[in-house]
Amino acid sequence: MIPAKFDYVRAGSAAEAIAALGEHGDEAKLLAGGHSLLPLMKLRLATPAVLVDVGRLDDLRYIRDAGDQIAIGALTRHHDLETSDLLAEQCPMLRHVAHLVGDPQVRHRGTIGGSLAHADPASDLPAAVLALGGTLVARGPDGEREIAATEFFTGFLESALAGDELLTEIRVPKVPGAGWSYQKFNRRAQDWAIVGVAAVRNGTTGVALVNMGTTPLRATAVEEALAGGASAAEAAERADEGTEPTADLNASEEYRRHLARVLTRRALEEAGA
Amino acid sequence: MKVAVTVNGTKQEHEVEPRTLLVHYLREVVGLTGTNIGCDTSSCGACTVLLDGQSVKSCTVLAVQADGAEITTIEGLASDGQLHPMQEAFRQHHGLQCGYCTPGMVMAAVSLLDENPAPTEAEVREGLEGNLCRCTGYHNIVKAVLAAAEGAAS
Ligand SMILES: Cc1cc2nc3c(=O)[nH]c(=O)nc-3n(C[C@H](O)[C@H](O)[C@H](O)COP(=O)(O)OP(=O)(O)OC[C@H]3O[C@@H](n4cnc5c(N)ncnc54)[C@H](O)[C@@H]3O)c2cc1C
Ligand code: FES
Ligand code: FES
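Within each chain, residue numbers correspond to sequence positions counted from 1 in written order. For naming, the first written chain is A and the first written ligand is 1, with later ones following in the order written. The model is predicted, so local features are restricted to residues of pLDDT at least 70 and side-chain atom pairs to those at 80 or more, both for listing and for counting; the totals for chains, interfaces and linings are taken over all residues. Hydrogens are left out, water is left out, and the side-chain values use all remaining heavy atoms of the structure.

Peer 1: Account for the overall build of chain A, naming residues and giving values.
Peer 2: Strands here mean DSSP runs of E at least two residues long; helices mean DSSP runs of H or I at least four residues long; both are numbered from the N terminus. Within chain A, the secondary structure is distributed over 12 helices and 14 strands. Here chain A has a C-alpha radius of gyration of 18 Å; the compact-globule value for 273 residues is 19 Å, and the two agree. With respect to the principal axes defined by its C-alpha atoms, chain A has extents near 55 × 45 × 30 Å. Only protein chains enter the accessibility calculation, which uses a 1.4 Å probe; a residue is then buried when its area is under 20% of its type maximum, exposed when over 50%, and partly exposed in between. A total of 273 residues make up chain A; the buried ones form 58% of that total. Residue pairs at least 24 apart in sequence account for 60% of intrachain contacts in chain A once pairs closer than 6 positions are excluded. As displayed, chain A offers around 11,200 Å² of accessible surface, 46% of which is attributable to carbon and sulfur atoms. For chain A, the separation between the mean place of its 27 positive charges and that of its 38 negative charges on side chains is 6 Å. A radius of gyration in this sense is built from C-alpha atoms; the matching globule rule multiplies 2.2 Å by the number of residues raised to 0.38. Residue contacts follow a heavy-atom distance rule, with two residues in contact if any of their heavy atoms lie within 4.5 Å. Areas reported as accessible are Shrake-Rupley estimates using a 1.4 Å probe. Residue values count occlusion only from the protein chains shown. Here Asp and Glu are counted as negative and Lys and Arg as positive; His is not counted, and neither are the chain ends. Charge placement uses NZ in Lys and CZ in Arg. For Asp and Glu, CG and CD serve respectively.

What follows is the structure, encoded as structure tokens:
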């Protein structure tokens, strides 16, 4: 399987990438690690006329201490996250979740920015960043803006990024002592989650769901129940409230709802909520 | 588009279409057919090579993305007629049957030990998660990788 023909532009800087997006408009797509985009292009489910390769923007590949936050460059690979000492100390959940993505080969190539920008409801890192209450930084022709993770995912494989914006940084709070849990339920090695749940207990408890609708989701009913004093078991009963899970080969809608409730209870118990 | 890479220590330079996948470049342009294509959908790992020392599925990388990189394929492991210790361990421990997954499995295992020289059995199994074998049941592959790790340590 070979992708359809495209023109290839190698961006030497973020500014060059943004200019190329501006020039080619809807015809162009950014290429980071390529581990979501290339499989789609091989199946001809995506046929961009121009690929703008940002994979060499090493100045966007970092994990930095930024005061009360950790700042992560968008081109940082899953393997960088899963081996980061800074994350081990300050945000162990993100490091753990990165380790559960795909397999080692996928983690050597895939990037956190690509994972978030792709906005796949089945992906692991978006749910982790959502539960952590992270912030995304987008850079366009008019400069930078910050987007709360809760505002970022707008539809199936759609994000709040404009066509000429590059995701440059992901910020997550430092949560060194916080209870946390990531429950990824799948049946085969290297697979995506059939349903997943991320929970972080940092004062209030953030809970996010994988594969329970068209976007990565916050489990707001669970969060409200916990804030109102409900037990973990009580709150978890509300995990599927307001969600619209789909049915596929792996699971019916009802089974996904069941998994969401069970996995949320396990996540809350493990996080100590 | 020009691609210049070092494959198994030899410099290569070719004009390729941007849509050429690294695995097709290695097999059809460079002429190294040891790297297999199993699934073509990023699942099986038969196409695993080392890109700047790290395992990647070469069916999911464009040749142009590898421009400037050092690539190692299964052909690059043996030296002076001597099998690489990982290849030797696969042979000793019967870590293959039909052999189709083997080039990718060996490359993934080399990358695994490079990152974790003394893995536990569970770490080996998890570390080879990206490589499917339809013959062996994995048991002897895991034995081979553990033996190679021990051999390197002693
Ligand atoms: C076999 C396999 C198994 C996998 N298993 C899992 C799994 O279990 N869990 C999981 O979460 N993921 C999984 N993945 C997906 C993997 O994590 C991808 O690497 C990731 O989703 C996309 O990152 P990328 O850098 O490869 O992005 P690309 O494929 O390069 O890009 C993806 C999309 O994001 C856009 N984009 C990329 N970077 C930016 C940026 N900086 N700014 C704006 N837009 C950008 C691109 O234009 C494209 O539309 C798997 C992939 C494979 C091939
Ligand atoms: S051929 Fe590349 S993963 Fe199967
Ligand atoms: S030995 Fe036949 S597929 Fe592994």
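Peer 1: Before we move on, can you summarise the site of ligand 1 with the specific residues and values?
Peer 2: Proximity criterion: a residue is near a molecule or strand once any of its heavy atoms comes within 4 Å of it. As a matter of local geometry, ligand 1 sits amid 30 residues, with A:Leu30, A:Gly34, A:His35, A:Thr111 and A:Asp124 nearest to it. At ligand 1, the nearby residues belong to more than one chain, namely chains A and B. Polar contact is the term for a pair of N or O atoms within 3.5 Å; when the atoms are in protein, one must be able to donate a hydrogen and the other to accept it, and sequence-neighboring residues count only if both atoms are side-chain atoms. Here an oxygen atom of ligand 1 sits 2.7 Å away from a polar atom, N or O, in the main chain of A:Leu37. Compared with its free state, where it exposes 980 Å², ligand 1 has 96% of that area covered by protein. Elements represented by at least two residues in the shell around ligand 1 include exactly strand E2 (28-31), helix H7 (112-118) and strand E10 (166-173) of chain A. When residues in the shell around ligand 1 are grouped by element, the largest group, four residues, is from H7(A). Asp, Glu, Lys and Arg are counted as charged, while Ala, Val, Leu, Ile, Met, Phe, Trp, Tyr, Cys and Pro are counted as nonpolar; the rest, among them Gly, fall into the polar class. For the shell around ligand 1, the residue count by class is 12 nonpolar, 14 polar and four charged.

Peer 1: Requested: an account of the pairing of strand E3 (residues 48-51) of chain B, with residues and values cited.
Peer 2: Residues and elements named next belong to chain B. Neither face of E3 is left uncovered, since the one carrying Thr-48 and Leu-50 and the one carrying Val-49 and Leu-51 both have all their residues buried. Pairing analysis gives four bridges linking E3 to strand E4 (residues 54-57), with the strands arranged antiparallel. Bridging across to E4, Leu-51 finds its partner in Gln-54. When DSSP finds two or more bridges between two strands, those strands count as paired. Hairpin geometry of E3 and E4 is characterised by an intervening segment of two residues between the two adjacent antiparallel strands and by a positive phi of about 45 degrees at Asp-52. One ladder, built from two bridges, connects E3 with strand E5 (residues 70-72); its direction is antiparallel. When the sheet's bridge partners are listed, Leu-51 is paired in E5 with Ile-71.

Peer 1: Describe the pattern of salt bridges, naming the residues involved and giving the relevant values.
Peer 2: All names here are of chain A. Within this document, salt bridges are pairs made up of a side-chain nitrogen of Lys or Arg and a carboxyl oxygen of Asp or Glu, the two lying within 4 Å of each other. Applying the stated criterion to the full structure yields 25 salt bridges over all chains. A salt bridge links Asp-240 to Arg-257; its shortest N-O distance comes to 3.2 Å. In this pair, Asp-240 sits in the loop between helix H11 (232-236) and helix H12 (253-271) while Arg-257 sits in helix H12, placing the two residues 17 residues apart along the sequence. Of the two residues examined, Asp-240 and Arg-257, each falls in the buried class. A single salt-bridge network, built from bridges that share partners, covers Asp-240, Glu-253, Glu-254, Arg-257 and Arg-261.

Peer 1: Quick rundown of helix H8 (residues 124-132) of chain A? Include the residues and the values.
Peer 2: All names here are of chain A. With nine of nine residues buried, H8 lies mostly within the body of the structure. Those residues of H8 that sit buried are Asp-124, Leu-125, Pro-126, Ala-127, Ala-128, Val-129, Leu-130, Ala-131 and Leu-132. In the stretch just after H8, Gly-133 is the one whose phi turns positive, near 70 degrees.

Peer 1: With reference to specific residues and values, describe the interface of chain A and chain B.
Peer 2: Taken together, the 30 residues of chain A in the interface contact 33 residues of chain B. Between chain A and chain B, roughly 2,600 Å² of surface is buried when both sides are summed, and carbon and sulfur atoms account for 51% of that area. Viewed at the interface, chain B and chain A are joined by four salt bridges. For A:Lys42, the salt bridge goes to B:Asp40, with nearest N and O atoms at 3.3 Å. For the interface between chain A and chain B, the tally reads 17 residue pairs in polar contact (both at pLDDT 80 or more). Elements supplying a minimum of two residues to the side of chain A that touches chain B: strand E1 (7-10), helix H2 (37-42), strand E3 (50-53) and helix H6 (104-109) of chain A. Ranked by the residues each element gives to the side of chain A that touches chain B, the list is headed by H6(A), at four residues. Residue classes in the side of chain A that touches chain B are distributed as 13 nonpolar, nine polar and eight charged. For any pair of parts, buried area is found by adding up, for both, the accessible area (1.4 Å probe) each one loses once the two are put together.

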